Structure formats: C-alpha cells, structure tokens
Amino acid sequence: MINKNLYLTRAQLISELGRCLGCKTKPCMNACPVNCNPQEFIAKAKDNDFAGAVETITRNNPMGQTCGLICPDKFCMQACTRSNIDFPINIPRVQATILERYRTAEAAAHPKLPANGKKVAVIGAGPAGIAATAELSKLGYQITLFEGFEKIGGALNLIPDNRLPFEVIAKDWNFVDDPEMIELRLNTQIDTPASLLNEGYDGVIVATGEPNSIDLGIEGEEYAVSYLDYLRRPEQYATTGSVAVIGGGAVATDCALTAFDFGAENVEMFVRRRVSDMRITNEERKSLLDAGVDLTTMTRVKKIGSDGNYITLYTGKNRFNQGKLEEIPDTTIARPGFSLVIKAIGSTAPRQPDEDRVIYAGDCKHGGSTIVEALASGKEAACYLDEKLIP
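Residues numbered from 1 in each chain as written. Predicted model: local features only at pLDDT ≥ 70, side-chain atom pairs only at ≥ 80, totals over all residues. Heavy atoms only, no water.

J.: Please explain the overall build of the chain as it appears in this structure.
T.: Per the secondary structure count, the chain includes 14 helices and 15 strands. What you see for the chain is a C-alpha radius of gyration of 22 Å, in line with the 21 Å of a compact globule of 391 residues. For the chain, the share of sequence-separated contacts (at least 6 apart) that also reach a separation of at least 24 residues comes to 71%. When the accessible surface of the chain is totalled, it reaches about 18400 Å², and 48% of it is carbon and sulfur. Within the chain, the 50 negative side-chain charges are centred at a point lying 5 Å from the centre of the 42 positive side-chain charges. (Helix = DSSP H or I, 4+ residues; strand = E, 2+ residues; numbered from the N terminus. Rg over C-alpha atoms; globule rule 2.2 N^0.38 Å. Contact = heavy atoms within 4.5 Å. Areas by Shrake-Rupley, 256 points an atom, 1.4 Å probe, with all protein chains shown as cover. Lys, Arg positive; Asp, Glu negative; His and termini not counted. Charge placed at Lys NZ, Arg CZ, Asp CG, Glu CD.)

J.: When you look at unusual backbone geometry in this model, what are you seeing that I'm missing?
T.: Peptide bonds are trans in most cases, and residues, glycine excluded, mostly fall at negative phi. Its identity is not glycine, yet Asn 35 carries a phi of approximately 65 degrees, on the positive side. Structurally, Asn 35 can be placed in the loop between α2 (27-31) and α3 (38-46). By relative accessible area, Asn 35 is classed as partly exposed at 39%. Backbone geometry places Asp 330, a non-glycine residue, at a positive phi of 60 degrees. (Buried < 20%, exposed > 50% of the residue type's maximum accessible area, 1.4 Å probe, protein only.)

J.: Quick question: what am I supposed to make of helix α4 (residues 50-60) here?
T.: Every α-helix winds through 3.6 residues per turn, so residues three or four apart in the chain are directed the same way. For α4, the complete set of buried residues consists of Phe 50, Gly 52, Ala 53, Val 54, Thr 56, Ile 57 and Thr 58. Looking at the packing, one finds that the buried side of α4 touches α1 (10-19), α3, α5 (64-70) and α7 (91-102).

J.: Looking at this model, I keep getting lost on the nonpolar core. Mind explaining?
T.: Within soluble globular proteins, side chains that are nonpolar generally end up buried alongside one another. Membership of the largest hydrophobic core comes to 70 residues, with the highest contact counts inside it found for Phe 41, Val 94, Ile 98 and Ile 205. Examining the composition of this core, we find that nine residues originate from one element, helix α14 (residues 371-389), more than from any other. When sequence neighbours within four positions are dropped, the list of residues in contact with Ile 205 reads Ala 121, Val 122, Ile 123, Ala 132, Leu 136, Ile 359, Ala 361, Ala 381, Ala 382 and Leu 385. Among the nonpolar cores identified, the runner-up in size contains 24 residues, and Cys 255, Ala 264, Val 267 and Met 278 belong to it. (Core = buried A, V, L, I, M, F, W, Y, C linked by side-chain atoms within 4.5 Å.)

J.: Would you explain the packing of aromatic side chains in this entry?
T.: How two aromatic rings sit relative to each other is given by the distance of their centres and the angle of their planes. This model, assessed by the stated rule, comprises four aromatic pairs. With centroids separated by 3.9 Å and ring planes inclined at 15 degrees, the aromatic side chains of Phe 50 and Tyr 102 adopt a geometry described as stacked. You can see Phe 50 sitting in helix α4 and its partner Tyr 102 sitting in helix α7, a full 52 residues away along the chain. You can call Phe 50 buried: its relative accessible area is 10%. Assessed through its relative accessible area of 23%, Tyr 102 is described here as partly exposed. Consider the rings of Tyr 230 and Tyr 237, whose centres lie 5.9 Å apart with planes at 50 degrees: the pair is tilted. We classify Tyr 230 as buried; its relative accessible area is 1%. Taking the ring centre of Tyr 201 as reference, the NZ or CZ of Lys 119 above it sits at 4.6 Å. Between Lys 303 and the ring centre of Tyr 314, over which it is positioned, the NZ or CZ distance is 4.5 Å. (Phe/Tyr/Trp six-rings, centres within 6.5 Å; stacked < 30°, edge-to-face > 60°. Lys NZ or Arg CZ within 6 Å of the ring centre and 35° of its normal.)

J.: So what exactly am I meant to see when it comes to the state of the cysteines here?
T.: In protein structure, a disulfide is the covalent linkage between the sulfur atoms of two cysteines. Under the criterion given, the structure shown has zero disulfides. In this model Cys 28 remains outside any disulfide bridge; the closest cysteine sulfur is found in Cys 20, 6.6 Å from its own. In this structure Cys 67 is not part of a disulfide, and its nearest cysteine sulfur, from Cys 71, lies 4.5 Å away. Cys 67 gets classed as buried once you look at its relative accessible area, which sits at 3%. (Disulfide = S-S within 2.5 Å.)

J.: Please clarify how the packing of α1 against α7 should be interpreted in this entry.
T.: Axes are the key here: two packed helices are described by the angle between their axes and the distance separating the axes. Taken N-terminus to C-terminus, the directions of α1 and α7 make an angle of 130 degrees; their axes are 11 Å apart at the nearest point. In terms of orientation, α1 lies oblique with respect to α7. Every pair of crossing elements has a handedness; the one defined by α1 and α7 is left-handed. Packed against α1, whose contacting residues are Arg 10, Leu 13, Glu 16 and Leu 17, the element α7 presents Val 94, Thr 97, Ile 98, Arg 101 and Tyr 102 at the interface. (Axes fitted to C-alpha atoms, helices over the stretch in contact; angles between N-to-C directions. Parallel < 35°, antiparallel > 145°, perpendicular 65-115°, else oblique. Left-handed = near helix turned anticlockwise from the far one by under 90°.)

J.: Just to check I follow, could you spell out the pattern of salt bridges for this structure?
T.: Pairing between side chains of opposite charge can happen when their charged atoms approach one another. Applying the stated criterion across every chain yields a total of 26 salt bridges. Between Arg 163 and Glu 284 there is a salt bridge, with the nearest N and O atoms lying 3.9 Å from each other. Pair noted here: Arg 163 is in the loop between β2 (142-146) and α9 (166-176) and Glu 284 is in helix α12 (residues 282-291), with a separation of 121 residues, a long-range link. Judged by relative accessible area, which is 11%, Glu 284 ranks as buried. Taken together, the shared-partner salt bridges in this structure form one network comprising Glu 16, Arg 19, Arg 82 and Asp 86. (Salt bridge = Lys/Arg side-chain N within 4 Å of Asp/Glu carboxyl O.)

In structure tokens, the structure reads:
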C-alpha cells in the first residue's frame, strides 16, 4: 500500500503533470546536480508512458525515489518556470511517486558495458558510494562496496522514518545491485583505503561522509548529546520533559521533530541567526511550526550546566552589526529545566587529497551537502577513476 503522506495520489499526480509547461530550455534539468530531466519524464508520464518516465529518471539518478522524498526545493523546483505564474511543480514528489507506482526491473534497466576485468573498492554505502557503485558497474567494473554499519544508506539512516522509510533506500539499492558485478560487505570498516590497492583492487573510491559531530566548544558540553548519537537511537533518549536542540539546519529540524515523536512535552531550538537564515526548506519550516517547536533565534548558547536532574543552558542574545553577527553584552541568562539537550550544528571529517588511484567523493570531500549533490559527487568520482584506469 502506498503511503499517502509521502506520495501524491493519482489525482494529484495527474494535476502536477498537467501543470508542466514543457519548457524547451529545460531549466529544471539544468538546475539538477545529477542532470535528471524532469521535462522529459513528465512529458512521458503525461502520455501515459510511465515505463519511459521511469527510464528517464533512473538513467542519471540511481536513488531517484529517495531523492524525490528528501531533495530540497532549491534545485529543480526553484528553477521551475511555473513559479513565475503561480507556484513550482513539486518535481521531487512527482519523481518519487512515479517510481513508487511504476518502477519495474525492465523499465529501470540501462545499458551496461561488458566486464573489463578490473576491480574497484568503494568505501561507504551512502548516496555518494551508491552512486559511484552504480556508475562503475555500468562501466564494466567488478565492485566491492564496503560499509561500516549493518545497513546501507549512510547519513540517510539518520532521517526519521516518517520522512524517509528505510524500505525506500533499500528499494533504490535493489535496482542498483548487480550480483554478478557488485559485492556488498556490511559491518566492514576500512581504516586505510590505500591498503586495498595491495589486495587486488585497481582503484578505490572513499565516500565515508562526515562521521564526526562538530563540538560546541563551550563549558559543560558533555551534558549534551550529539545529533549523530541521538538520531541513530532516539528511543534511548526518550523523555516526557523539555528538550533543547542547538542548531538551525535540516538535521536540527529532524532532531526537534523526532523529540516530539518520542514523547517530549516541549521542544525549543536555539538558533544563532534569524529564521530567514535557517538552511531548511519551506516544508521543513512549516513542519516545525505545525509541530509547535519554539524557535529561539539570534541566540548563542554559551555554557551548559546540570544539577543531576535537569540541564541548564546559559544563553546570550546576538545582533547584526554592519552585517557581522555579534553578541549583545550583558544579555546572558540561565534557561533551566531541560531533560535533554541535543547539539546539531553539523559534522565534519578530515579532508584528504585524492591520491593516484584513491579518489574521495561526497561529504568527506566537499563537506555537508544534499543527497543529490552527494550523488553527483559519487558519479563524478567514478568517471574520474575510470579515466585513470582506462585512458
């Protein structure tokens, strides 16, 4: 049964398809990091050629359904010509709905080159790693995909199930997986990527994301839990009390909404800048307001304390002075009474330069990005390695 909260109904899908102007300049495609062509797949769907629409989507995007559920509105939707008339077509949701309803093995099949006799190791089964694997398998490489955790998806697994069920990630992967060309090894940590070159691999792509939470750098930080730990196992931090989330991005939003799902009575987000500066989509902003999350903006958390029962935040107010954010003197106050504090200001990874046959991709190379940018990076890394191995 199709999840009504995630996908368009058939009537909604037909309505959205009918709004497309069929722009010959294809601004939606030009705005997409993986060069997916909404103009083409919408045109085919309007002609009731849903198999052709699936082929178009999956041609350039190996995780089209996952992308359709969580891709932000700053790419194809922002470029949609329809927004100059009324409002943009919800292209990502159209894409996800088409794949959920109409994708088959035949429709999603794409030409592949014959095996070229070369082996490549891909480290990390997040979006960048999956994209690299998909691209390399089409180019004829034998691939081993190493993943340190018990399931694929990488940072996608931190997204709450009500926004991205794991079954969607698995479904995209099932259409990428090729038992003859791809071996997936879960629960396998690779600490020295270059060592794989001595184990029979001709090249290595590293797509390990950003596994380290950014510290706040303040006194009492040990009383806060990182968003990485929280979103992996939110049930371990369930509380009926008040929850503070430090941060104002998409991950902080997921933390705030998840806290309500796991019993919090009140959730407050502490954001250093303005609401308009928060790097979240309009849909995410609406979700925060609908859930009743308290947005405390222009506020800096300076210290965290605990009396053993409750946690206290010491905060100061910020202001802009000639475009530069600064703290307003003498505005520090104590905010007691929190049962849980989550720090969600981002993550990081040591930046490593590409080596001769060890290529980095995704967030571990470019920093935090969207799923579609990570996919584009993985494809780019695969093509770059291919050029090195088969000039």
